[in-house]
Structure formats: C-alpha cells, structure tokens
Amino acid sequence: MDPHVPLRLDRVAMRLLEKEPSARYGTAGEVVAALDAPAGVQRLPVHGQAAVLTQLDSLLDALEAGRGGLALVTGPSGSGRTRILEEIGQRATARGLSSRRVGTTRDTDTGVTLADDAASAGPAERGDIAWEAERVLAGEPRLVVLASTAEEAARVGEAVNGAPLVELALSPLPRDSLRALLRDVGASGGLGAALARRLEVELGGWAGACVRQVDALIEGGWLGRGPDGGLRPLRGIDAIRAEALPIPERERQSTLASLGRLGRQERNVIDAIAILGMASSSAVVAGTAGIADAGGPVNALVRAGLVRVRMDGLHDLVEPASPRLGQVVRESLTTNRARALHAAAAAALKLRYAHRGAAIAELVAHHLERAGQAQEARPVLVQAAQAALRKGEPRAARGLAERAIALEDAGATGADEGRLRRTARGLVGDAHRVQGHLRQAIEAYGRALAEPGTAADHARLACAAAACAVDLGDAASSLADLVEGIAALPQGEPAWADSMALAATLALDTGDVDT
C-alpha cells in the first residue's frame, strides 16, 4: 500500500501476518535476524506447507524432550524439498539444537541431521545416514530428516536399514500461496497475477520450480528490478501470459541428460514428436521421423517418462510428457535438422489427412513456413483462409491471408502467381466486409483488382467493392459498377444473385425502372 516501504520489510511483515502459526517466525530472534540480514542472503518464507511444518515442529518438540525420530520429506523435483530442509535446520538452531548436513562432522550432542536427495547419496553419505538411523533406533535423542522423490522412498528406506520413517509429502501451492511466494521474490500486482496463473498451469504450482523460473526470466531479460527492489516486466505482461518462457538452466540440463541416454531411433522419434508440437497419431510421428513404425520407440519413450500416449476415439495420440520438454527438444536441434523435420511433418500430415483438405491446411502451412518453404506455404495458407471464412471466422481468415501476402516473392510472375495474389487480397477484403470494416474492405478489393486475373474474378471483386460502397451510403456511383460487374459474372457465381438483387433495389430507389 505504501510504495516507499522496502521490499525486505514488506516480506518480514507479511510473514508475521501468515494465517498458519507454523508459517510465521518461530522466535523474536528470527525476526531480528531477518531484519538485519543483507537482502542478498535473506531466505524466502515457506508457503503452502503448513501441515509439513507443523509435523516437523512436533518432531523438534519430541527431540527437545529426549526422543529421536526419522522423517522423509517427499516431493518431485522443484517441489521445494531443499527449502524445507533449510527451514528445519533454521528452526533447530533457533531452539539451541545443533544442525548439520549429512557427510559433515558428526555431533555427539542432541541434534538434527539433514540429507537432501538421500536416494542419490554416495557411499560415504549413505554410511552416515545409516549410522544416524542406528543411533535413533538405539534410543538416542537424534532427529534425521531426509528428502527425496516419492518414487525413490524405497531406496531411502534401504539407506536407513528399514527403520520406520515419518513420511511428509509436500503439495503444490494453491493460487493464493503462489501469489504470496511471487510477492516475496518481488512480483506483485498485475505481474504477480499473470505469473501465478501461468506457473500454476505450467509448473503445477511447485514452489522451487516457480522460483527457478522467475530467476530464469530475470537472467533472460524478461524481468528487471526497479528502484524499490520489485520486479518489472521488460517484455510486457502479454509475453508473460502467452509466449514460451525461457527454461531454467538446471531444468534444461536435466532434460538434455535424459535425451542423451536415448538410442538413435528413440531420439529421432522424440525430435519428430516435439516438432509436430501437438498430440499426433503414430502414423504421422513415423512419417515425420522417416521410419516405418514408431510403436517400439514410442513405448521406450513412455517408459523413460519423456512422452505420453492418450486415446482419442479409436486412435492413440502421442505427445511430449510436458510442453516444456518439447521446447527443450526443439531448442536443441540445429537449424537444418529442424527444417528437415518440419518439411517431413508437412508431408506426413498431408498424406495422413488428405481427405480433410482445408481442415489441416493451416497446420501444414505452419510446417512449410518453418521448413523455409515459403512459396509452397502460400497456396496452403490461402486454402486455410478460405476454410476459416466458410466457418464464420473472418479474423482468422484475414490473418491467414495476410500471412500468405507477407510471404510473396516480389520477383515471381505468371498467371498462377497473379491468381494467388488476387485471391489472397480478395480474402482480406471478404474478411473485412464480414467484420463490418467496409472502408478497409474496399481498399483490399482495390489491391486485389490491381492484380491480373480472369474477367469473372474482376467482376466478383468489383461487385463486392460496390456493395461495400452502397453500405457506406455511396449508392449513386455504385450502381454503374454493379451493373458492369454483373454483366461479367457467370450466373452460377454465388455473388451473382446478391449483386443482381442489390442493383435492382438501387435502380428502383432512384426511379430507374428500365435498369
């Protein structure tokens, strides 16, 4: 409410006002330490994990009473497991208890031992975990808190020799907790709201992943710090809402490592799936990858957790396990490799869905454009624009036609080229007319009439332009244009009857009964 309040003080105040007691500071000393700490080393509050923090506080209470315990914090990568371990270490220290990371010097006094990614611990660390577990089973007042994914819990159980573990499962942040976390890192107001909506969907609301994404946005020049320490969008909030976000380096390297373990055929297939950019049939995937059958590689990729298969009617559709994984795959491809795959995707889609024609024209055109085959994409874009106009989507039709115009080669000539140019400009006029943009429609029809074409094409465009002029109130000069256009229109032309009726009405209105 007061922009002059420093961001650090705002964070401290908001943590003191948290609804859940376990989310507030534990002691007055922690508040003083937070106020005195340099901004660069201040830890973010833990949001949305009140149940886990309450259980950990209970374990610390038991430790102070002389009872030890073993706990396992579980959650996927990016869930905030590391931050939870840091928090329990801080709370132990605030109570006067010793705290250490596994693998560091052991403390014979009552204390807390913490182990992140316990399932991946090396031999020395696993030995240390086992030693601590034995001390707990022997009745010593020691607390061991481990962290891993839920899938690796069994391996952690082996590390503690089957000793009973209190499992504490982290959960994704609800929208209000995610907003609070983003406010803590400096994203408030409209920026915070836009980021919260995007990250809740894209990252599942997992705290650690969301913080890393904000860091990547800052490093990539999407966000910057203002004088008050708060974040400001440097590329606009619309980019935050809709564009592909930069992938944090840790996530990118993890994905690339998984891709590096694939066989040649499996990598070829996941490249094809990523380039297609949508759930696709196995036949289209195989065609894009240039192989006869994608079934075996797809099954291997499913087992590796890199793709997923879902049913659509009678067909299996294949897609990347997440949009972000697909983004990393695409960004890892060389320009030539990506173009070759886009060209193969266009061919596979045309072959598989030849019966659907215009229905997939826009998708085929997209791949042709990305393949660097702009001139091949133009007629397909015009076909897609015609289909969109028939479906009552004039805005989409205009966008597609304008894309076809933007790809034109100024040096191209010939009857087919002239017809394509005229058709694209005429479609822009038709779309404007349907939208009620009559002056823009007349301008577009004028540009279309400037291109070579048949007499019937010329007549149809002239009649359409005249009809727009009539709607704008220019009836007198439009009648002659309509009569001239109608004379050249074949009677089977859809515009013939409408143009004839309009001309007759204008003639009657002006008393020209003979016309």
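Chemist: Which residues make up the overall build of the protein chain, and what values go with them?
Modeler: A count of helical and extended segments in the protein chain gives 24 helices and ten strands. Burial statistics for the protein chain: of 515 residues in total, 45% are counted as buried. Counted over contacts in the protein chain with a minimum sequence separation of 6, partners at least 24 positions apart contribute 64%. When the accessible surface of the protein chain is totalled, it reaches about 25100 Å², and 53% of it is carbon and sulfur.

Chemist: A description of the packing of helix 21 (residues 438-449) against helix 22 (residues 455-471) should follow, citing residues and the corresponding values.
Modeler: One way to put it is that helix 21 packs onto helix 22 with a least axis distance of 9 Å and a crossing angle of 160 degrees. In terms of axis orientation, helix 21 runs roughly antiparallel to helix 22. For the pair helix 21 and helix 22, the crossing hand works out as left-handed. For the pair helix 21 and helix 22, the contacting residues are L438, A441, I442, Y445, A448 and L449 in the first and H458, L461, A462, A464, A465, C468, A469 and D471 in the second.

Chemist: For the packing of aromatic side chains, give the residues involved together with the corresponding values.
Modeler: Overall, the coordinates contain zero aromatic pairs when judged by the stated rule. In this arrangement the basic side chain of R135 is found over the ring face of W131, its NZ or CZ atom lying 4.9 Å from the centre. R235 extends its terminal NZ or CZ atom over the ring of W222, reaching a point 4.1 Å from the ring centre.

Chemist: Quick one: what's the story with the confidence of the model for the protein chain, residue by residue and with numbers?
Modeler: Any segment with low pLDDT has predicted coordinates that should not be analysed in fine detail. Averaged over the protein chain, the pLDDT score is 87; the fraction of residues at 70 or greater is 88%. Between the elements of the protein chain, mean pLDDT differs from a low of 62, seen in helix 23 (residues 475-488), to a high of 97, seen in helix 12 (residues 264-276).

Chemist: Please provide a residue-by-residue account of the packing of helix 16 (residues 335-352) against helix 17 (residues 361-370), values included.
Modeler: When two helices pack together, their arrangement is given by the angle between the helix axes and the distance between those axes. Axis separation between helix 16 and helix 17 bottoms out at 7 Å; the angle between their running directions is 155 degrees. On the basis of the axis angle, helix 16 is roughly antiparallel to helix 17. Considering the relative orientation of helix 16 and helix 17, their crossing is left-handed. Packed against helix 16, whose contacting residues are R339, H342, A343, A345, A346, L349 and K350, the element helix 17 presents L363, V364, H366, H367, L368 and R370 at the interface. Its residues assigned to classes, the contact of helix 16 with helix 17 comprises seven nonpolar, three polar and three charged.

Chemist: Before we move on, could you go through helix 16 and cite the residues and values that matter?
Modeler: Between its first and last C-alpha, helix 16 extends 26 Å over 18 residues, near the 26 Å set by a 1.5 Å rise per residue. Buried residues of helix 16: A338, L341, H342, A345, A346, A348 and L349, and no others. The secondary structure elements touched by the buried residues of helix 16 are helix 12, helix 13 (282-289) and helix 17.

Chemist: Help me get a handle on the environment of L351, residues and values and all.
Modeler: Its location among the elements puts L351 in helix 16. Linking L351 and G287, residues 64 residues apart in sequence, is a C-alpha distance of 9.0 Å.

Chemist: Please give an account of the sheet that holds strand 9 (residues 307-312) that cites residues and values.
Modeler: If you walk across this open sheet you meet the three strands as 8-10-9, and the pairing is antiparallel. In this open sheet, the two edge strands, each paired with only one partner strand, are strand 8 (280-281) and strand 9. Where strand 8 and strand 10 (residues 315-320) come together, two bridges link them in antiparallel fashion. Its bridge partner being in strand 10, S281 is matched across the sheet by L317.

Chemist: Lay out the pattern of salt bridges with the relevant residues and their values.
Modeler: When charged atoms on two side chains of opposite charge get close, those side chains can pair. All chains considered together, the criterion is met by 35 salt bridges. In this structure, D238 and R241 form a salt bridge, with 2.9 Å as the shortest nitrogen-oxygen distance. Of this pair, D238 and R241 both sit in helix 10 (residues 237-242), separated by three residues, roughly a single helical turn. Residue classification places D238 among the exposed residues on the basis of a relative accessible area of 58%. Here R421 makes a salt bridge to E417, at a shortest N to O gap of 2.7 Å. Residue R421 and its partner E417 are located together in helix 20 (residues 415-435), separated by four residues, close to a single helical turn. Like R421, the residue E417 is buried in the burial classification. The network of salt bridges with shared partners includes D57, D61, E64, R83, E86, E87, R91 and R95.

Chemist: I'd like a description of the side chain of T113, backed by residues and values.
Modeler: Tracing the backbone shows T113 in strand 3 (residues 111-115). Apart from the residues within four sequence positions on either side, T113 is in contact with R100, V102, E132, L143, V144 and V145.

Chemist: Mind laying out helix 14 (residues 295-303), listing which residues take part and the relevant values?
Modeler: Of all the positions in helix 14, only P297, V298, A300 and L301 are classed as buried. Along the axis of helix 14, the buried positions cluster into a sector of 160 degrees, meaning they face one direction only. Where helix 14 ends, the next residue or the one after it, G305, has phi of about 75 degrees, a positive value.

Chemist: How would you sum up the environment of R339? Please name residues and give values.
Modeler: Mapped onto the elements, R339 comes out in helix 16. Note: C-alpha distance between R339 and I275 (64 residues apart in sequence) is 9.5 Å. Leave out the neighbours within four places in its chain, and R339 touches R370 and A371.

Chemist: Talk me through the sheet that holds strand 5 (residues 166-169); I want residue IDs and the actual numbers.
Modeler: Sheet architecture is open: five strands sit in the order 2-3-4-1-5, paired in parallel fashion. Edge strands, defined here as strands with exactly one partner in the open sheet, are strand 2 (98-101) and strand 5. Here the average twist between neighbouring strands, direction ignored, is 20 degrees. The pairing of strand 2 with strand 3 spans four bridges and is parallel. The residue of strand 3 that forms the bridge with S99 is V112.

Calculation rules
- Each chain carries its own residue numbering, running from 1 in the written order of its sequence.
- Residues qualify for local features only when their pLDDT is at least 70, as the model is predicted, and side-chain atom pairs are given and counted only at 80 or more; totals for whole chains, interfaces and linings, by contrast, use all residues.
- Processing note: side-chain calculations cover all non-hydrogen atoms of the structure and skip hydrogens and water entirely.
- Secondary structure is summarised from DSSP: a helix means a run of H or I of at least four residues, a strand means a run of E of at least two, and numbering begins at the N terminus for each.
- Summary of the burial criterion: residues with accessible area below 20% of their type's maximum are buried, those above 50% are exposed, and those between are partly exposed, where the area comes from a 1.4 Å probe applied to protein chains only.
- It only takes one pair of heavy atoms within 4.5 Å for two residues to be counted as in contact.
- Surface accessibility follows the Shrake-Rupley procedure with a 1.4 Å probe radius. Residue values consider only the protein chains on display as shielding.
- Lines fitted to C-alpha atoms define the axes here, with helix axes fitted over just the stretch in contact, and angles between the N-to-C directions of these axes take values from 0 to 180 degrees.
- Here the angle decides the label: under 35 degrees means roughly parallel, over 145 means roughly antiparallel, 65 to 115 means roughly perpendicular, and every other value means oblique.
- Should the near helix be turned anticlockwise from the far one by less than a right angle, the crossing is left-handed, and should it be turned clockwise, the crossing is right-handed.
- Between the rings of Phe, Tyr and Trp (Trp by its six-membered ring), a pair exists once the centres lie within 6.5 Å; its type follows the angle of the planes, with under 30 degrees stacked, over 60 edge-to-face, and the other angles tilted.
- Whether a charge sits over a ring depends on NZ of Lys or CZ of Arg being within 6 Å of the ring centre and within 35 degrees of the ring normal.
- On a range of 0 to 100, pLDDT expresses the predictor's confidence in each residue.
- Under this grouping Gly is polar, as are all residues other than the nonpolar Ala, Val, Leu, Ile, Met, Phe, Trp, Tyr, Cys and Pro and the charged Asp, Glu, Lys and Arg.
- Take the number of residues in a helix, subtract one, and multiply by 1.5 Å to get its expected span.
- One bridge is not enough; two strands pair if DSSP finds at least two bridges between them.
- For this document, the term salt bridge refers to a Lys or Arg side-chain nitrogen within 4 Å of an Asp or Glu carboxyl oxygen.
- Within this analysis, the arc is defined by the directions that extend from the helix axis to the C-beta atoms.

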